[in-house]
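Report on the structure
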Amino acid sequence: MANFETVKVETDLLILGGGMASCGAAVEAAHWAKKNNLKVLMVDKAAVDRSGAVAMGLSAINQYVGLKEGDNTVEDYVNYVKQDLMGVARDDLVASIARHVDGSVHLFEKWGLPIWKAEGGGYVHEGRWQLMINGESYKVIVAEAAKNHLGTDNIIERVFIVGPIMEGGECKGAYGFSVRENKFYVFLAKAVFVAMGGAVHVFKPRSTGEGLGRAWYPPWNSGSSTYFTLKAGAEMTCQEVRFIPVRFKDAYGPVGAWFLLFKSRATNAFGGEYMVERRDELQNWQPYGLVKPIPANLRNWLGMLDVMEGKGPIYMRTEEALQKIADQYKDDPKAYKKKMKELESEAWEDFLDMTISQAILWAASDVQPEEKSSEIAAAEPYFIGSHSGASGAWVSGPEDLAPPEYFWGYENMCTTKGIFAAGDATGASSHKFSSGSHAEGRIAGKAAVRYLVKENPPMPTVDDSTIEALKAKTLKPLDLFEEHKGFTSQTDVNPNYIIPKMFMFRLQKLMDEYAGGVGSQFTTSKFLCERGLELLKILKEDAEHLGAEDLHELMRCWENVHRMYQAEAHVRTILFREETRWPGYYFRADFPKLDNDNWLCFVNCKMDPETEEWEMLKRDILPMS
Ligand SMILES: Cc1cc2nc3c(=O)[nH]c(=O)nc-3n(C[C@H](O)[C@H](O)[C@H](O)COP(=O)(O)OP(=O)(O)OC[C@H]3O[C@@H](n4cnc5c(N)ncnc54)[C@H](O)[C@@H]3O)c2cc1C
């Protein structure tokens, strides 16, 4: 076995991931832990300052309810989310986040995040729920607060978490390895908080060879949350609810500011507006298709129908939108010029704040948004429970809001005792975005400390043989590579091992062709899913032969194993749900209609951590108590 030091660390609460949800959990848990003399430790595969989906910054905070201002109620937000998810959302979880999210936003502002202000002093809204920010340093600011609360001694960066340490059905912590030095880590913990983001590159991306790595969702989140909770035997929900964002083509620049702030139209190559011309199609998706705002997947769907009919490309009419706003000043040439300049800079800043590559693409292809439209397109599918997807762990709701069926003692605790989750790691509570993920992290962090105080679990112990077995399994790709690397003249092709990149290509091809990726126009069926599962089974067997040249490749190996489990959960759930509920995200060709009589429910799944046998479950959608 590769020569790695084993480092054992004990903590009361272990926070996995250092993203938005974890930073929220850190702030809250550290506060309550201090009062109770408990230790909280955070572990991230990257550097917390710039890790996770907010790493590059954001140009808007997407969830702000405005309770203090009297703008909206918690119920308004619950209704909005449920409508957008075609009726499938947990009211109790969404409400729990909605009543706390403004608090997170106020904290961000207190910590130094510049939020745009209108003349009267109120926040500038991009849309009903969104606030405009100068967000290039958003993550740095949120991370700084987490560090201040936890203390830097309680943060371990550059350690990739592989999975949970399980003995006798109990979670005793987590294991992983440093991506910088030869160290295998064993974290023993009385409670574990999971927030290692969602997953990208499970499906073949639009950008392949020439732009490999470019995706809407950040490439460093690879399904570790799903793998962790599945392998801990936790029940999962909404694994079929992937997210397909329509974004500026090839660099995935955000469209929110264009649609909401600049009120731009999207048209096909013939100038037709699919949202107008295809309005009748919405009748087929009643009641959701007829209520405003129209769900994101249905908006996607109308555009996709145009593309399938050969009416592409689809364009964001940037020049028209800016012109329309500036025209309000057309009688005053000086004011007009000033407004045009202001709009132009806002347009570029929107990208520079969060998707710099889109600004680079515009510059490289001579785009001036005030003169020329830009192409938009539906991206490949992603797993992101915090955005407009909904996949994640099935967690307990809060005692005062959750019906008895949804409550098992502690908010945001998974069905496996002592494991808590938030952000992209929890399901059925989408549209929490950056601010809601932080708020949900705070809720879960506080609940985890309450669990520790109330239940007072002992510090777990783990057999040395268990640790040695996990270590050998984790490092096996390094051993395989070392043993066989001399067999071929080029190390990337070898009959004795498969390198992670090739493994990922195989997974992506399979998902693209059988589970409804870009290449299959997002369409699948029973037969395609069944064939996909057969191929996934063979892929899983071959995962035993992953080979890694160094630490970085070892991380790539495990990232792909995590993706593979996310893929399996997805295909199994799509197969189980015999209807099409989210056209525009995926389409079941053999069940092309919405079926509220049989499928207005959650589809949950569980995997036996030992045998890896799956169980599929239907769960009722219940109102708040
Ligand atoms: C492209 C994009 C644009 C968005 N735009 C907006 C917006 O405009 N406004 C808004 O409010 N929200 C936006 N969001 C949503 C927001 O970014 C997410 O809701 C939020 O980041 C989710 O928080 P999280 O903690 O669950 O995940 P993340 O913040 O992504 O954090 C995940 C963490 O887990 C770590 N990690 C992953 N795997 C491992 C592992 N194996 N071991 C250890 N650590 C691991 C990562 O390094 C990271 O620190 C956007 C999201 C994306 C992807």
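The following paragraphs examine the structure supplied in this document.

About the thresholds
- Numbering of residues starts from 1 in every chain and runs along the sequence as written.
- Per-residue local features are limited, in this predicted model, to residues with pLDDT of at least 70; the limit for side-chain atom pairs, both in listing and counting, is 80 or more; totals at the level of whole chains, interfaces and linings are taken over all residues.
- No hydrogens and no water enter the side-chain calculation; it runs on all heavy atoms of the structure.
- Each pair of aromatic rings taken from Phe, Tyr and Trp, with Trp reduced to its six-membered ring, is defined by centres within 6.5 Å and is described as stacked if the planes are under 30 degrees apart, edge-to-face if over 60, and tilted in the remaining cases.
- Only protein chains enter the accessibility calculation, which uses a 1.4 Å probe; a residue whose area is less than 20% of its type maximum is buried, one above 50% is exposed, and one in between is partly exposed.
- Comment: elements are numbered from the N terminus, with helices defined as DSSP H or I runs of at least four residues and strands as E runs of at least two.
- Counted as over-ring charges are cases with an Arg CZ or a Lys NZ within 6 Å of the ring centre that also lie within 35 degrees of the ring normal.
- Residue proximity to a molecule or strand is established when one non-hydrogen atom of the residue lies within 4 Å of it.
- Residues adjacent in sequence count toward polar contacts only when both atoms are side-chain atoms; beyond that, a polar contact is any pair of N or O atoms within 3.5 Å, and within protein one must be able to donate a hydrogen and the other to accept it.
- To measure how exposed things are, a 1.4 Å probe is used in the Shrake-Rupley method; for residues, cover is taken only from the protein chains shown.
- Residue type decides the class: Asp, Glu, Lys and Arg count as charged, Ala, Val, Leu, Ile, Met, Phe, Trp, Tyr, Cys and Pro as nonpolar, and the leftover types, Gly among them, as polar.
- Note on contacts: a residue pair qualifies if any of its non-hydrogen atoms lie within 4.5 Å across the two residues.

Going through the model one piece at a time under the given rule, you end up with 30 aromatic pairs. Seen from their ring centres, Trp-216 and Tyr-217 are 6.2 Å apart, and the 35 degrees between their planes marks the pair as tilted. You'll find Trp-216 and Tyr-217 in the same group, each marked buried. Aromatic pair Phe-481 and Tyr-497: ring centres 5.1 Å apart, planes at 40 degrees, arrangement tilted. With Phe-481 in helix α13 (residues 464-484) and Tyr-497 in the loop between α13 and α14 (500-514), this pair connects stretches of sequence that are 16 residues apart. Phe-481 gets classed as buried once you look at its relative accessible area, which sits at 4%. According to the relative accessible area criterion, Tyr-497 is buried, its value standing at 5%. The ring of Tyr-406 has Arg-90 lying over it, and the distance from NZ or CZ to the ring centre is 4.1 Å.

Taken together, 34 residues are adjacent to the ligand, and Asp-44, Ser-51, Ala-60, Ser-386 and Ser-434 come closest. With respect to the ligand, the backbone of Ile-161 contributes an N or O atom lying 3.0 Å from a nitrogen atom. The fraction of the free accessible surface of the ligand (990 Å²) that becomes covered by protein chains is 97%. Elements that contribute at least two residues to the shell around the ligand include exactly α1 (20-35), β3 (58-61), β6 (159-167) and α12 (433-455). Along the lines of polarity and charge, the residues of the shell around the ligand split into 17 nonpolar, 14 polar and three charged.

A separate point is the environment of Met-236. The residue Met-236 is located in strand β9 (residues 236-237) in this model. The sequence separation of Met-236 and Arg-588 amounts to 352 residues, and the corresponding C-alpha distance is 21 Å. Residues within four places of Met-236 in sequence aside, it is in contact with Thr-226, Thr-229, Leu-230, Gly-392, Ala-393, Trp-394, Val-603, Asn-604 and Cys-605.

All right, on to unusual backbone geometry then. One can expect most non-glycine residues to show negative phi and most peptide bonds to be in trans. Cis geometry marks the peptide bond from Lys-292 to Pro-293; its omega dihedral reads -5 degrees. Residue Pro-313 is reached from Gly-312 by a cis peptide bond, and omega for that bond is -5 degrees. Along the polypeptide, Pro-313 turns up in the loop between α8 (296-308) and β12 (314-316). Look at Met-86: it is not a glycine, yet its phi comes out positive at around 55 degrees.

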